[in-house]
Amino acid sequence: MEDTNIQSEDFGNQVINLQNQNQQDTINIESEIEKNTATETTKLPSLSSMVLSTDANKITENVVNNLTSNVKQSYLDKLLCFTNYFKQYFKITTKDVEQRIIASFKPYKSNFYEQISSNPDLYGPFWIYTTLIFLIACGSSLSKYFNGDYSKNYFQNFVRTAGTLIYFFGFGFPLLFWGALKFIGDNISYFYVLCIYGYSFSPFIPVMILCSCGVNIIQWVLISYAIANSTYFVIGNLWKEIQRQEQKKKYTLIGIIVGLQFILLLILKLYFFENIINENILNNNINNTNKNSNNNNNSKIKNNNITD
């Protein structure tokens with residue numbers, strides 16, 4: 001009996017020791033897990049910081065998108081305002097344009113300003129300028145060809161130069177004259193001056209076609225007529241604005257119109273329709289024709305000898 005009691009006590013002590021050892025092992029394992037999780041949390045960002053960073057990125061993206069959309073919308077609004085503002089100057093019928101072109105050939109009837117007072121347009125002046133550029137290039141090229149200068153291709157150069165000239169005068173002269181009137185206290189609109197000056201170029205269209213003949217004296221007469229008609233038309237329709245000014249200012253405004261028109265006359269005649277025949281060109285052309293005729297004669301003689 002005593003031996004059995006001693007054995008049971010030893011067995012109970014072993015069980016208690018095993019339980020204590022298991023508890024110590026679990027404590028050690030938990031401490032190691034806590035250490036590892038602590039080190040990992042120091043390396044990785046917390047969940048709250050990640051959420052805050054994603055929210056900040058979304059907020060910045062939304063701000064950038066709103067700013068870009070606002071900028072685009074503002075540009076579109078400005079573009080629409082710009083087009084709507086100029087749309088009123090292109091609302092015109094073909095019949096009105098025809099009547100205004102016909103009126104520009106009658107400068108002695110200075111009621112053109114009353115015709116455009118309610119609806120000045122830019123459609124007619126723009127197409128008059130554009131047509132005139134093409135006709136100046138064609139007419140001047142044909143004029144040089146008829147005068148024996150057909151060794152160069154002038155058309156492309158004349159298109160660029162004529163475009164610069166006509167658009168510069170067509171839009172720059174009204175701007176200069178309008179600026180002069182504004183400077184002395186007149187409140188006329190720039191588009192009225194532009195419309196009057198643009199339609200005053202209508203007589204240049206048939207004149208440029210006729211100037212392709214290549215005859216020097218005819219070109220001087222035709223271009224002078226077109227310049228005189230245009231000048232008289234502009235002064236006649238702006239006379240009410242000019243007449244309001246003082247005597248000195250009145251003559252200054254008329255001098256600006258006449259002076260710029262005279263410069264246009266000289267450029268058109270002395271650059272585009274300059275008909276000074278170059279003797280070297282003529283001699284080269286004569287030599288070429290003589291060579292061709294000699295070659296033809298030689299070929300005929302050879303053919304005759306072969307047949308004989």
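Calculation criteria
Residues numbered from 1 in each chain as written. Predicted model: local features only at pLDDT ≥ 70, side-chain atom pairs only at ≥ 80, totals over all residues. Heavy atoms only, no water. Helix = DSSP H or I, 4+ residues; strand = E, 2+ residues; numbered from the N terminus. Buried < 20%, exposed > 50% of the residue type's maximum accessible area, 1.4 Å probe, protein only. Contact = heavy atoms within 4.5 Å. Areas by Shrake-Rupley, 256 points an atom, 1.4 Å probe, with all protein chains shown as cover. Expected span 1.5 Å × (residues − 1). Core = buried A, V, L, I, M, F, W, Y, C linked by side-chain atoms within 4.5 Å. Phe/Tyr/Trp six-rings, centres within 6.5 Å; stacked < 30°, edge-to-face > 60°. Patch = residues over 30% accessible without salt bridge, like charges linked within 9 Å, V, L, I, M, F, W, Y side chains within 5 Å. Salt bridge = Lys/Arg side-chain N within 4 Å of Asp/Glu carboxyl O. pLDDT = per-residue confidence, 0-100. Axes fitted to C-alpha atoms, helices over the stretch in contact; angles between N-to-C directions. Parallel < 35°, antiparallel > 145°, perpendicular 65-115°, else oblique. Left-handed = near helix turned anticlockwise from the far one by under 90°. Nonpolar A, V, L, I, M, F, W, Y, C, P; charged D, E, K, R; others polar.

(A) Quick peek at the overall build of the protein chain. Scanning the protein chain from terminus to terminus reveals 12 helices and 0 strands. Taken from the N to the C terminus, the helices and strands of the protein chain come in the order α-α-α-α-α-α-α-α-α-α-α-α. A total of 308 residues make up the protein chain; the buried ones form 31% of that total. Long-range contacts, defined as pairs at least 24 residues apart, comprise 78% of the intrachain contacts of the protein chain with a sequence gap of at least 6. Roughly 20300 Å² of accessible area belongs to the protein chain as shown, and the carbon and sulfur atoms make up 61% of that amount.

(B) Spatial organisation of helix H11 (residues 247-272). Between the first and last C-alpha of H11 there are 37 Å, a value that for 26 residues agrees with the 38 Å anticipated at 1.5 Å per step. Taken together, the buried positions of H11 are Lys250, Leu253, Ile257, Leu260, Gln261, Leu264, Leu265, Leu268, Lys269 and Phe272. Those residues of H11 that are buried lie in contact with helix H5 (123-146), helix H6 (155-183), helix H7 (190-199), helix H8 (204-210), helix H9 (216-237) and helix H10 (239-243).

(C) Structural detail: the nonpolar core. Counting residues in hydrophobic clusters, the biggest one holds 57 residues, and the most contacted among them are Phe201, Phe204, Met208, Ile223 and Leu264. Contributions of two or more residues to this core are made by helix H3 (94-104), helix H4 (112-116), H5, H6, H7, H8, H9 and H11. Beyond its immediate chain neighbours, meaning those up to four positions away, Leu264 contacts Leu165, Phe169, Tyr197, Phe201, Phe204 and Ile227.

(D) Molecular detail of the side chain of Ser141. Tracing the backbone shows Ser141 in helix H5. Setting aside chain neighbours within four positions, we find Ser141 in contact with Tyr154, Phe155 and Phe158.

(E) Examining the packing of aromatic side chains more closely. For the structure shown, the criterion picks out 18 aromatic pairs. Ring pairing ties together the aromatic residues Tyr129, Tyr167, Phe171, Phe173, Phe177, Tyr197, Phe201 and Phe204, which thus form one cluster.

(F) Structural view of a nonpolar patch on the surface. A grouping of Val215, Ile217, Ile218, Trp220, Val221, Phe262, Leu266 and Leu270 is seen on the molecular surface, where their side chains present a nonpolar patch of about 700 Å² in accessible area. Counting residues per element, the ones that place at least two in the nonpolar patch are H9 and H11. Broken down by element, the residue count for the nonpolar patch peaks at 4 residues, all from H9. Relative to the elements of secondary structure, Ile218 occurs in helix H9.

(G) View of the confidence of the model for the protein chain. Looking at the protein chain, pLDDT values average 77 and 61% of them are 70 or higher. Mean pLDDT values for the elements of the protein chain range from 55 in helix H12 (residues 279-307) up to 95 in H8. Counted against residues more than four places away or in other chains, residues 1-7, with its pLDDT under 50, gives 0 contacts. Overall, residues 278-282 carries pLDDT values under 50, and its contacts beyond four positions in sequence, including any with other chains, amount to 3 contacts.

(H) Molecular detail of the environment of Thr161. Considering the arrangement of structural elements, one finds Thr161 in helix H6. With 110 residues separating them in the primary sequence, Thr161 and Tyr271 have C-alpha atoms 9.9 Å apart. Here Thr161 is in contact with Tyr271 and Phe272, once residues within four sequence places are set aside.

(I) Just the packing of H6 against H7, in detail. At a minimum axis distance of 9 Å, the contact between H6 and H7 shows a crossing angle of 135 degrees. Relative to H7, the element H6 lies oblique. Classified by chirality, the crossing of H7 by H6 is right-handed. For the pair H6 and H7, the contacting residues are Phe169, Gly170, Phe171, Phe173, Pro174, Leu175, Phe177 and Trp178 in the first and Tyr190, Val193, Leu194 and Tyr197 in the second. Split into classes, the residues belonging to the contact of H6 with H7 amount to 11 nonpolar, 1 polar and no charged.

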